[in-house]
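Breakdown of the fold
Spelled out, the chains give:
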Amino acid sequence: MVTSMTRRTRLGLLLAALGVFAVAAVAVPRSAAPLPAGALPCTTGPTFNLQARTGRISTPDGASMFMWGFAKNPGAFQMPGPILCVTEDVPITINLTNSNIPEPVSIVFPGQTGVVAAGGSPGLFTQEVAMGGGTVSYTFTPSEPGTYLYESGSDLSKQIQMGLYGALIVRPAGFPSRAYADVSTAFDPAREYLILVHDMDPDLHRAVERNEPYDVTQKHDRYWTINGRSFPDTIAGDGVAYLPAQPYGALVRVKPYNATTNPLPALIRMANAGMSNHPLHPHGNHVQVIAQDGQLVGPGTSRSSEQFTRTAASGQTFDMLFKWTNAENWTSTHPVPVTLPLLRNLVFKDKVTWYSGSPYLGTKSTLPPGTVSFNRCGEYYYPWHSHALNEFQNFDEGFGGLATLLRVDPPNKTALQCPGP
Amino acid sequence: MRARNRKAIRRGVILLALAALAASIPALVQSGSEAAAAPAAPGVVDTETINLCADEGTINLPSLAGVPIWGFSLDSGGCGGPATLPGPVLSVDVGDRVVVNLANYLDEPVSIVFPGQALVPDAVGAPPNVGTGLVAALAATSLSGGSDVPAVAASLTTALPGDSSDVTYTADTAGLAGNGITVEYVDPGAPSSLAVTVIGTAITVSLATDGSAISSTANDVVAAVNADVNAALLVNAALAPGETSYTFTASNPGTFLYEAGTNTAVQVAMGLYGALVVRPLTPGQAYGATTTYDKEKILVLSEIDPNLNNYPALLGGPNAFDFVGDSGDYQAGYHPTYFLINGQAYPDVPDFLVDVNDRVLLRYLNAGLMNHTMTLLGSHQRVIAQDAYLMANPFNAVAETIPSGSTLDTISGLFHVNSGDRLPLYNRQLNVTNDGLYPGGMMIFLDVQ
């Protein structure tokens, strides 16, 4: 195990996992202005005013990274760009200005057709806008629901890497709580999550900041992000004060499936804006992949599938439905069929954990003396992480990077009893 | 030395090659976007014979000229043209019996494997271009009383138009078979040096001995003949290629790779690969009626690390290159810096001209060592087949990965584009640089007319 961790990257690892692979993290952030739990923090149109500008993000090891990003206009720098939520067949316009990036920037919309660009100056892929060079407008009608990227169409190998990307979510006309028009894609609107991944080499960012050359073919990633944050910041709430430029959390939070009280699945929208392909592994669980690149693959066709690792290629998106089923219904009167380890045999890395001390959902129990638990109400945690394990760290310090947690709340507890991030 | 020899032989062969090319090869081999070949009559098994060479060559990359490669080219008798990267597109009809003859002019064994075809992979390959085998070959021949012996290891190609090529002579019949080229055996015991004598059209090559055995190699003979002004007027000497042959039946339509099956890490990285397209009986279809298209583009994807290709011969050439990168050599480790479509990097890649409402078939073949993810802006790509297997559930993709060694076929209906649009098709892993400089690399534009 790594020994030279900074305080905020310290994680506790429960070695007696009992089927629940429990990962613990520290520094539970206090939410300054939390958004409703699970509701996707959308920016809605149909007209979007965006600016490209420079800024900084912070990484869990205490470093900061110089970035270029799309932000609202007017608005502060943020990473990634605003989550643009639109409705199928409604024309949209994105107006882009370039506040302070010293080269022309643009936006392309992979998966969209008929994009008309006006203003600015001609670039290799589309119309571009130089710093202070007015506004370029992109107008199109998203004709198919799904999860898409929007990203720079200029100087790609530098600008997308520097952070000029964001997610575009197209909702089916008339069915805002379905991923697609098909009834089988209905989801719980309070359980819609974005997992927008990216990879970063600090040398690139430093070189751009200092206006020095950088050979992108030598890129060596050190940080990986979900929604602009690296684990464990990914599990902090939306809009937490200590991550002012990284407004979007990635904690996936569900309650056990119940046909009557909790019938709808969560919707996980995954998109890869990075340069490498990234495998997302929902630890101990399966997700049902229903769409790829905004194209429904099921249910109802043979391509829909349950997967416990889904690799998203660069530029690719996946939509996944997720239900967590308490299959065994373990309780103290229906105990787990294994011998529980003795307290004195448990070791928690750095003496911190998110484990409740009990294998039973909704129960908190004793932990070894001196162990700090961040468990609130006996909820379960599972890591969802890149199974390219070198990406499961922050500059060689694990756990970190391309990871978040699945939190399963007890069904019988209220939000007050079971507060979230 | 080899480079000099190859240059010399090409001069002589071109004239011969033209007639053969015009006669038979173009029917088999197409450039990337030509129309489909006429199909064979149903039920008739055609035999398509394709003669390939494996040889050295060079390609020009943006701001980097003369990069050495190894590649396949068409063999029209003595290796018709310089090696290309990728090799020629081989186009056959489904059901054809395909015979591929390989003449290997490289210094190491080369085989061809045909992933997706039913034939046993050849890991042995054609032996190397015979370079030092003359002594052994002579020794293996039954010598009779110090008489002249066959020059089995040296292939001599005439430069005279209309004359025969690839002639090998025995000394006993020298002068009777047309060119009067003799390789004369000099009895051991009489030390002498390699000598070339030309009288009329007769060339006599006296092999060197050190007093007890022959010390001339085939390389020496070829060099001496080519170096002799009078002899060079009559012949171009070349080393005989190693040869092998492959036969298979192209049972299924689709997009396939062919590539080196020997020393693959180096040979494939150096360029020994190409596309094999098996066409169904109905023109204008990739597989069947659901895959009708108007225009097609073959996109062979690969990459080049110039440090591999340029690795100095003095240090052992590409085979001595440190792929893994643990040697401490500053060039060590395979780090491609050029990313190619059909052997070219943007902006050298020509636009693909299309029309509004075209159904465009893109045949991707990943011949490189890396996986490549390709994105087309402004239009959907419908993935219809992977590794030449028609999909039961074709789907639209924005960014689709073609793994190393794999092929992928997509059809894009250009229904939402306008005349004058230029649709970028590019590597979304952002391998869109040439030696780190944007724009470049794996990028091509569909230019809507």
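1. Quick look at the overall build of chain B
Within chain B, the regular secondary structure consists of six helices and 25 strands. Taking all 449 residues of chain B together, the buried fraction comes to 56%. Here the contacts in chain B between residues at least 6 apart in sequence split such that 69% fall between residues at least 24 apart. Carbon and sulfur atoms provide 56% of the accessible area of chain B, an area that totals close to 17000 Å².

2. Focus: the interface of chain B and chain A
Opposite the 34 residues of chain B that make contact, chain A presents 39 residues. The three residues of chain B that bury the most area against chain A are B:R428, B:L430 and B:Y438, which together make up 24% of that side's buried surface. Taken together, the connections running from chain B to chain A amount to one salt bridge. With a closest N to O distance of 2.7 Å, B:R428 and A:E151 form a salt bridge. The interface formed by chain B and chain A includes eight residue pairs in polar contact (both at pLDDT 80 or more). Secondary-structure elements contributing two or more residues to the side of chain B that touches chain A are β19 (372–376), β21 (389–397), β22 (399–402), β24 (422–427) and β25 (443–448) of chain B.

3. Comments concerning the sheet that holds β19(B)
All names here are of chain B. Taking strand neighbours across the sheet as the criterion, the five strands line up as β17-β25-β24-β19-β22 in an open arrangement whose pairing is mixed. Only two strands of the sheet have a single neighbouring strand rather than two, namely β17 (352–354) and β22. Neighbouring strand axes in the sheet, compared pairwise and without regard to direction, differ in orientation by 20° on average. Where β19 and β22 come together, four bridges link them in antiparallel fashion. Within the sheet, the bridge partner assigned to T375 lies in β22 and is A399.

4. Some points on the state of the cysteines
Residue and element names in this part refer to chain A. Summed over the entire model, instances satisfying the criterion amount to two disulfides over all chains. Each sulfur of the disulfide joining C42 and C85 lies 1.9 Å from the other. A torsion of -65° about the S-S bond marks the disulfide between C42 and C85 as left-handed. With C42 in the loop between β2 (23–25) and β3 (43–44) and C85 in strand β6 (residues 84–87), this pair connects stretches of sequence that are 43 residues apart.

5. A look at the packing of aromatic side chains
Applying the stated criterion across every chain yields a total of 21 aromatic pairs over all chains. Ring geometry for B:Y311 and B:F321: centres 5.8 Å apart, planes at 80°, overall edge-to-face. Here B:Y311, found in the loop between α6 (306–309) and β16 (338–341), pairs with B:F321, found in the loop between α6 and β16; they are 10 residues apart in sequence, far enough to count as distant. Look at B:Y311 and you get buried, because its relative accessible area is 11%. With relative accessibility at 6%, the residue B:F321 sits in the buried group. An angle of 55° between the planes, with centres 5.7 Å apart, marks the rings of B:Y346 and B:F445 as tilted. Of this pair, B:Y346 sits in the loop between β16 and β17 while B:F445 is found in strand β25, placing the two residues 99 residues apart along the sequence. Taken individually, B:Y346 and B:F445 each receive the classification buried, so the pair is uniform in this respect. Taken together, B:F72, B:F114, B:Y246, B:F248 and B:Y258 form an aromatic cluster joined through their ring pairs. The aromatic ring of A:Y257 is capped on one face by A:K323, whose charged end is 4.7 Å from the ring centroid. In this arrangement the basic side chain of B:R422 is found over the ring face of B:F445, its NZ or CZ atom lying 4.2 Å from the centre.

6. Section: the pattern of salt bridges
Residue and element names in this part refer to chain A. One pass over the structure, following the stated rule, counts 21 salt bridges over all chains. When the shortest N-O distance is used, the salt bridge between E192 and R269 registers 2.8 Å. With E192 in strand β14 (residues 192–200) and R269 in strand β17 (residues 266–272), this residue pair connects regions lying 77 residues apart in the sequence. Summarising the burial analysis for this pair, E192 and R269 share the class buried. One network of salt bridges, with partners in common, ties together R171, E192, R269 and D319.

7. What to know about the nonpolar core
With 61 residues, the main nonpolar core has B:L52, B:I112 and B:L276 as its most contacted residues. If we skip the residues at most four places from it in the chain, B:L276 touches B:L90, B:V92, B:F114, B:Q117, B:F248, B:G254, B:T255, B:F256 and B:Y258. Counting residues in hydrophobic clusters, the runner-up holds 27 residues, among them A:F66, A:V86, A:Y138 and A:V208.

8. Describing the environment of B:V324
Inspection of the secondary structure puts B:V324 in the loop between α6 and β16. Sequence spacing of B:V324 and B:Y334 is 10 residues, and the spatial spacing of their C-alpha atoms is 6.7 Å.

9. Section: the environment of B:A286
Residue and element names in this part refer to chain B. With respect to the helices and strands, A286 occurs in the loop between β14 (273–279) and β15 (295–304). A relative accessible area of 0% places A286 in the buried class. Note: C-alpha distance between A286 and A385 (99 residues apart in sequence) is 9.3 Å. Leaving out residues up to four positions away in the same chain, A286 has contacts with P253, G254, P280, T291, Y293, L361, R363 and I384.

10. Considerations on unusual backbone geometry
Residue A:P232 is reached from A:F231 by a cis peptide bond, and omega for that bond is 5°. Among the secondary structure elements, A:P232 is positioned in the loop between β15 (223–226) and β16 (252–254). Here B:N263, not a glycine, exhibits a phi torsion of approximately 45°, which is positive. Secondary-structure assignment places B:N263 in the loop between β13 (254–260) and α5 (264–270). Within the chain, B:L430 stands out as a residue other than glycine whose phi angle is a positive 65°. Structurally, the position occupied by B:L430 is in the loop between β24 and β25.

11. Looking at the pairing of strand β26 (residues 380–386) of chain A
Residues and elements named next belong to chain A. Burial within β26 is extensive, with seven of its seven residues counted as buried. Pairing analysis gives three bridges linking strand β18 (residues 278–282) to β26, with the strands arranged antiparallel. From the neighbouring strand, L280 faces β26, where its bridge partner is S386. In the sheet, β26 pairs with strand β27 (residues 403–408) via six bridges, with the strands oriented antiparallel. Its bridge partner being in β27, Y380 is matched across the sheet by V408.

12. Here we look at the sheet that holds strand β12 (residues 146–151) of chain A
Residue and element names in this part refer to chain A. The strand order β3-β6-β13-β12 describes an open sheet built from four strands, whose pairing is mixed. Each edge of the open sheet is held by one strand with a lone partner, namely β3 and β12. Pairing of β3 with β6, which is carried by two bridges, proceeds in the parallel orientation. When the bridges of β6 are listed, T44 appears paired with C85.

13. Comments concerning the confidence of the model for chain A
Scored by pLDDT, chain A comes out at a mean of 89, with 90% of its residues at no less than 70. Of the regions scoring below 50 in pLDDT, residues 1–37 of chain A engages in 111 contacts with residues more than four places distant in sequence or in other chains.

14. Quick word on the environment of B:F256
Residue and element names in this part refer to chain B. Structurally, the position occupied by F256 is in strand β13. For F256, a relative accessible area of 6% translates into the label buried. When the C-alpha atoms of F256 and G274 are compared, they prove to be 8.7 Å apart, with 18 residues separating the residues in sequence.

15. Section: the side chain of B:E296
Residues and elements named next belong to chain B. Among the secondary structure elements, E296 is positioned in strand β15. At 2.7 Å, the side chain of E296 and the side chain of R279 are in polar contact. Looking at E296, its side chain comes within polar contact range of the side chain of R363, at 2.6 Å.

16. A few points about helix α2 (residues 202–209) of chain A
Helical geometry note: an α-helix holds 3.6 residues per turn, so side chains three or four residues apart project in the same direction. Residues and elements named next belong to chain A. Among all positions of α2, only P202, L204, H205, A207 and V208 are buried. Residues of α2 that are buried sit in contact with β5 (64–72), α1 (156–162), β14 and β15. Between a side-chain oxygen at the N-terminus of α2 and the backbone nitrogen of D203 the separation is 2.9 Å; the capping residue is D201. N211, located one to two residues past α2, shows a positive phi value of around 55°.

Rules used in this analysis
Residues numbered from 1 in each chain as written. Chains lettered and ligands numbered in written order. Predicted model: local features only at pLDDT ≥ 70, side-chain atom pairs only at ≥ 80, totals over all residues. Heavy atoms only, no water. Helix = DSSP H or I, 4+ residues; strand = E, 2+ residues; numbered from the N terminus. Buried < 20%, exposed > 50% of the residue type's maximum accessible area, 1.4 Å probe, protein only. Contact = heavy atoms within 4.5 Å. Areas by Shrake-Rupley, 256 points an atom, 1.4 Å probe, with all protein chains shown as cover. Buried area = accessible area lost by both parts, 1.4 Å probe. Salt bridge = Lys/Arg side-chain N within 4 Å of Asp/Glu carboxyl O. Polar contact = N/O pair within 3.5 Å; in protein donor to acceptor, adjacent residues only side chain to side chain. Pairing = 2+ DSSP bridges. Axes fitted to C-alpha atoms, helices over the stretch in contact; angles between N-to-C directions. Disulfide = S-S within 2.5 Å. Phe/Tyr/Trp six-rings, centres within 6.5 Å; stacked < 30°, edge-to-face > 60°. Lys NZ or Arg CZ within 6 Å of the ring centre and 35° of its normal. Core = buried A, V, L, I, M, F, W, Y, C linked by side-chain atoms within 4.5 Å. pLDDT = per-residue confidence, 0-100.

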